[in-house]
Amino acid sequence: MILLSDSPGDLETAARAIRNGLLVAIPTETVYGLGANAWDTRALARVFEAKERPAFDPLIVHVAEPAGASEVADTTVFLARELMERFWPGPLTLVLPKKPEVPDLATSGLDTVAVRCPAHPVARKIISLSGVPVAAPSANPFGRLSPTRASHVADWLGERVDYIVDGGPCSVGVESTVLDLSAEPPLVLRPGGLSLEAIREVAPTVELFDRSTTSPRAPGQLPSHYAPRKPLRLTDSGALPEARPRGRAVAICFGRDSAVAAERSGRFARVVDLSPNGDAVEAAAELFQALHSLDLGDWDELWAERLPELGLGRAVNDRLYKASAK
Ligand code: TXA
Ligand code: MG
């Protein structure tokens, strides 16, 4: 594995490597992606192998410009144009009818393809220089914490990738929102970096997939995803003081009052506050880095409180829920 910077020469190297079928981890505003040429089935097969990802879990295809989406998908479906115009580039993935040229491996044989135009300038530059659409799942082993730093990719995938481009920490910190426009009504399959409230301003009929009433549509919805190695337990917002941790535990809070109450309870060896002001955007940006580093610490258990189910709080709660599921 070779580590690259975001210098123009290194971005050229990364783009050429992708075009030639190699695996390149690239920074996006959400999380690092494991990029491969979406037209190259051998490269796609290596992505699944590197991540130990089951072949039934399809990849997101990334384009440098919104207009590039029509190369891989039918962008004339209801609401697609409006959503692309308003939210791309950005943390929104659209599930659209696929073009026949897109390899089945990228879409796991579905007749839809997930497409995203990321906002990170480094990702956009690499995709545009590569001259191909770039299939990129999060650059983590399947089911593990998502990477928001180049070092997370190096630690977890290491020699399984050819290059890692270091673009610094990811600003959004949780994966994109996956919105299925082939469903009626359109369905958010994965809450993420773009809030449901923002989407509903453009598309009021969009519904949130409800895991309690519907069977999984995207494998990322299976419980036990984003898992740290240490047990993670969840409480309601503000309920950490009533927790009964076993052994040395750390509390993950979102707000000054919660943090003070968790400290005072005396139940935790350490209290970490991911957003003293209770700001879900800030909490999302810190979440995976905090879990990565706490997972390496000397704790028997990690405990976290939920955020209110609003804005990016939904994405944070979703990741915490999946990280806590056995
Ligand atoms: O922010 C992100 O979306 C990051 C960065 C790298 O762009 N990528 C990412 O990819 O999170 P991945 O592979 O970890 O998650 C993709 C999700 C999975 O839950 C997958 O099941 C779903 O998108 N997905 C992909 N294609 C789909 C399709 N055709 N229909 C329904 N769900 C799909
Ligand atoms: Mg992932």
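Quick caveat, the model's predicted, so the values are computed rather than measured.

Quick word on the pattern of salt bridges
So, point 1. Taken as a whole and judged by the stated rule, the model has 14 salt bridges.
So, point 2. Of the charged contacts, one joins Glu-175 and Arg-319 as a salt bridge, the two residues approaching to 2.8 Å between their closest N and O atoms. With Glu-175 in the loop between strand S8 (163–165) and strand S9 (177–180) and Arg-319 in helix H10 (residues 313–324), this pair connects stretches of sequence that are 144 residues apart.
So, point 3. Shared partners join several salt bridges into a network, and the residues in it are Glu-175, Asp-318, Arg-319 and Lys-322.

Notes on the sheet that holds strand S5 (residues 92–97)
So, point 1. Taking strand neighbours across the sheet as the criterion, the eleven strands line up as S1-S8-S2-S3-S7-S4-S6-S5-S9-S10-S11 in an open arrangement whose pairing is mixed. Strands with a single pairing partner mark the edges of an open sheet, and in this sheet they are strand S1 (2–4) and strand S11 (207–208).

Examining the environment of Ala-304
So, point 1. In this structure, Ala-304 sits in strand S15 (residues 301–305).
So, point 2. Overall, the relative accessible area of 0% leaves Ala-304 in the buried class.
So, point 3. Between the alpha carbons of Ala-304 and Arg-246 there is a distance of 14 Å; along the sequence they are 58 residues apart.
So, point 4. Sequence-distant contacts of Ala-304, defined by excluding residues within four places in its chain, comprise Leu-232, Arg-233, Leu-234, Thr-235, Leu-240, Ile-252 and Leu-320.

Remarks on the sheet that holds strand S14 (residues 270–273)
So, point 1. Here four strands make up an open sheet; going across it, the order is S12-S15-S13-S14 and the pairing parallel. Looking at the sheet topology across the chains shown, the edges are occupied by strand S12 (232–235) and S14. Neighbour-to-neighbour, the strand axes of this sheet turn through a mean angle of 20°, independent of strand direction.
So, point 2. In this sheet, S14 lies alongside strand S13 (residues 249–253) in parallel orientation, the contact comprising four bridges. The residue of S14 that forms the bridge with Ile-252 is Val-272.
So, point 3. Strands S13, S14 and S15 of the sheet are contacted by helix H9 (residues 280–295), whose axis makes an angle of about 175° with S13.

Notes on the side chain of Thr-107
So, point 1. Summarising the element assignment, Thr-107 is placed in helix H4 (residues 104–107).
So, point 2. A residue is classified by how much of its surface remains accessible, and Thr-107, at 1% relative accessible area, is buried.
So, point 3. Ignoring sequence-local partners within four residues, the contact set of Thr-107 consists of Pro-58, Lys-98, Val-102, Thr-112 and Val-113.

Analysis parameters
Residues numbered from 1 in each chain as written. Chains lettered and ligands numbered in written order. Predicted model: local features only at pLDDT ≥ 70, side-chain atom pairs only at ≥ 80, totals over all residues. Heavy atoms only, no water. Salt bridge = Lys/Arg side-chain N within 4 Å of Asp/Glu carboxyl O. Helix = DSSP H or I, 4+ residues; strand = E, 2+ residues; numbered from the N terminus. Pairing = 2+ DSSP bridges. Buried < 20%, exposed > 50% of the residue type's maximum accessible area, 1.4 Å probe, protein only. Contact = heavy atoms within 4.5 Å. Axes fitted to C-alpha atoms, helices over the stretch in contact; angles between N-to-C directions.

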